[in-house]
Amino acid sequence: MSYTAEQYEQISEQLKLVRQEIGRYIVGQEETIDLTLYAILADGHALLEGLPGLGKTMLIRSISEVLDLSFKRIQFTPDLMPTDITGTSVIERMHDGKSHFKFQEGPIFSQMVLADEINRATPKTQSALLEAMGEKTVTVLGDTKQMAKPFFVLATQNPIEMEGTYPLPEAQMDRFLCKIQVPSPTKNELMEIMKRTTGAKNIKLEKRLSADELIDIQQMVKEVIIADDMLEYAVDLVVATHPDQPSAPEMIRQYVEYGSGPRGLQSIVKLAKSRALMNGRFHVSIADIKTVAKPALRHRLLLNYEGIATGLRIDEVIDQFIEVVQQGQNV
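Given the structure is predicted, the values throughout are model-derived calculations rather than measurements. As a convention, each chain's residues are numbered from 1 in the sequence order in which they are written. Per-residue local features are limited, in this predicted model, to residues with pLDDT of at least 70; the limit for side-chain atom pairs, both in listing and counting, is 80 or more; totals at the level of whole chains, interfaces and linings are taken over all residues. Hydrogens and water molecules were not included; the side-chain quantities draw on all heavy atoms of the structure.

(A) Examining the overall build of the chain more closely. Numbering of helices and strands runs from the N terminus; a helix is a DSSP stretch of H or I covering at least four residues, while a strand is a stretch of E covering at least two. Of regular secondary structure, the chain possesses 15 helices and 11 strands. Both definitions apply: the radius of gyration is a C-alpha atom measure, and the globule rule equals 2.2 Å times residues to the power 0.38. Taking 20 Å as the expected radius of gyration for a compact globule of 331 residues, we find that the chain reaches 21 Å, a close match to that expectation. Principal-axis analysis of the C-alpha atoms gives the chain an extent of 80 × 50 × 45 Å. Between buried and exposed lies partly exposed: a residue is buried under 20% and exposed over 50% of the maximum accessible area for its type, with that area taken using a 1.4 Å probe on protein chains only. Looking at the chain as a whole, 47% of its 331 residues qualify as buried. Two residues qualify as a contact provided that any one of their heavy atoms is within 4.5 Å of a heavy atom in the partner residue. Residue pairs in contact within the chain that sit at least 24 positions apart in sequence constitute 75% of those at least 6 positions apart. Accessible surface area values rest on a Shrake-Rupley calculation with a 1.4 Å probe, where residue burial reflects the displayed protein chains alone. For the chain, the exposed area adds up to about 16,700 Å²; of that, 52% sits on carbon and sulfur atoms. Taken as two groups, the 36 positive and 45 negative side-chain charges of the chain have centres that lie 6 Å from each other. Charge counting treats Lys and Arg as positive and Asp and Glu as negative, with His and both chain ends excluded. Just so you know, the charge point we use is NZ for Lys, CZ for Arg, CG for Asp and CD for Glu.

(B) A look at the pattern of salt bridges. Salt-bridge detection follows one rule: a side-chain nitrogen of Lys or Arg within 4 Å of a carboxyl oxygen of Asp or Glu. For the structure shown, the criterion picks out 18 salt bridges. Across the pair K294 and D319 runs a salt bridge whose closest N-O atoms are separated by 3.0 Å. Here K294 is found in helix α13 (residues 286-297), whereas its partner D319 is found in helix α15 (residues 314-330), with 25 residues between them in sequence. With a relative accessible area of 39%, D319 lands in the partly exposed category. We note a salt bridge from D315 to R298, for which the minimum N-O separation is 3.0 Å. Of this pair, D315 sits in helix α15 while R298 sits in the loop between α13 and β11 (302-303), and the two are 17 residues apart along the sequence. There is no split in this pair, since D315 and R298 are both buried.

(C) Molecular detail of the side chain of E189. Tracing the chain through its elements places E189 in helix α8 (residues 187-198). In protein, a polar contact means a hydrogen-donor-capable atom and an acceptor-capable atom, both N or O and within 3.5 Å, with residues adjacent in sequence counting only if both atoms are side-chain atoms; elsewhere, any N or O pair within 3.5 Å suffices. Of the polar contacts made by the side chain of E189, one reaches the backbone nitrogen of T186; its length is 3.0 Å.

(D) Representation of the pairing of strand β4 (residues 99-105) in the model. Pairing of strand β3 (residues 87-93) with β4 involves seven bridges; the strand directions are antiparallel. Looking at β4, one finds that T88 is bridged to Q104. At least two DSSP bridges between two strands are required for those strands to pair. Between β3 and β4, which pair antiparallel in sequence order, lie five residues; one of them, G97, sits at a positive phi of approximately 95°.

(E) Main features of the packing of helix α10 (residues 228-239) against helix α12 (residues 262-278). Fitting a line to C-alpha atoms yields each axis, with helices limited to the stretch in contact; the angle taken between N-to-C directions then spans 0 to 180 degrees. Between α10 and α12, the shortest axis-to-axis distance is 10 Å and the interhelical angle comes to 140°. Classed by the angle they form, the pair α10 and α12 counts as oblique. As α10 packs across α12, the resulting crossing turns out to be right-handed. On α12, the residues touching L231, A234, V235 and V238 of α10 are G264, L265, I268 and V269. Among the residues forming the contact of α10 with α12, the class breakdown is seven nonpolar, one polar and no charged. For classification purposes, angles smaller than 35 degrees are called roughly parallel, those larger than 145 roughly antiparallel, those between 65 and 115 roughly perpendicular, and all remaining angles oblique. Less than a right angle of anticlockwise turn of the near helix away from the far helix marks a crossing as left-handed, whereas a clockwise turn marks it as right-handed. Polar here means any residue other than Ala, Val, Leu, Ile, Met, Phe, Trp, Tyr, Cys and Pro, which are nonpolar, and Asp, Glu, Lys and Arg, which are charged; Gly is therefore polar.

Pasting the structure below:
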């Protein structure tokens with residue numbers, strides 16, 4: 001199905017209203033909000049990393065309200081079991097005295113699921129999310145059940161408190177379309193936060209989209225055009241993350257153990273298409289790709305021992321190879 005330029009502009013205006021409505025409650029965090037919306041429009045999952053108290057949970061809850069999506073929050077703890085997420089079969093007694101097993105759905109059966117402090121649960125419990133995130137199904141006792149539509153997992157984790165945590169396996173990290181770094185608020189933002197949260201006025205968010213409208217917009221994102229030269233640029237970025245490639249920058253060969261796989265490229269393209277649509281365009285630009293490269297790749301690169309020992313940050317590595325690839329494109 002093809003869409004007209006007018007339809008793209010209309011959807012862009014509608015998404016701006018969504019963005020403004022979220023901003024009525026969430027102070028600052030413009031980039032965080034935008035990237036989270038890009039992931040949702042691309043029908044993907046997002047991992048938000050930031051210090052406690054930065055509003056990650058409230059941001060996700062606010063988005064679910066504005067988009068009119070059913071919402072469930074799962075607080076991940078070391079004693080959380082997989083069935084606490086997926087649900088389990090319970091014995092139900094009928095009026096005639098007979099009993100039968102009935103499946104009691106877990107919180108995963110919701111349109112938007114907040115996996116709060118996901119790295120506090122054991123790997124076995126974390127893996128309960130893998131099937132739902134990858135195939136959008138859940139299999140319990142051989143019975144496969146479909147997830148709600150649309151379906152998103154938005155997870156949070158604390159980057160500094162490592163005691164009692166279980167780092168996410170690479171296979172699960174790869175399921176997230178993007179990893180978003182949530183920054184600390186500025187002085188002016190802190191002032192505004194205090195006014196909104198300690199005063200008597202309550203802010204009630206309005207619904208700006210329905211679930212069906214969101215599904216239609218997700219289809220529009222897929223229709224956004226990416227030219228061959230733009231796609232080649234995205235491919236070059238992913239290839240540059242592999243230290244065994246001749247085109248890899250010196251920093252990659254020296255400090256990176258493993259680079260991004262095909263999902264990294266898919267994430268860049270999907271997020272870039274979402275950004276283009278939110279800006280009222282039906283084609284992907286270089287700026288779209290460069291903007292989403294960090295959140296799409298930062299959780300897919302693994303530093304080697306030397307890189308870790310030098311205290312190198314993944315974002316510094318990504319900045320380096322984006323510059324090198326850009327220079328190669330301009331030659």
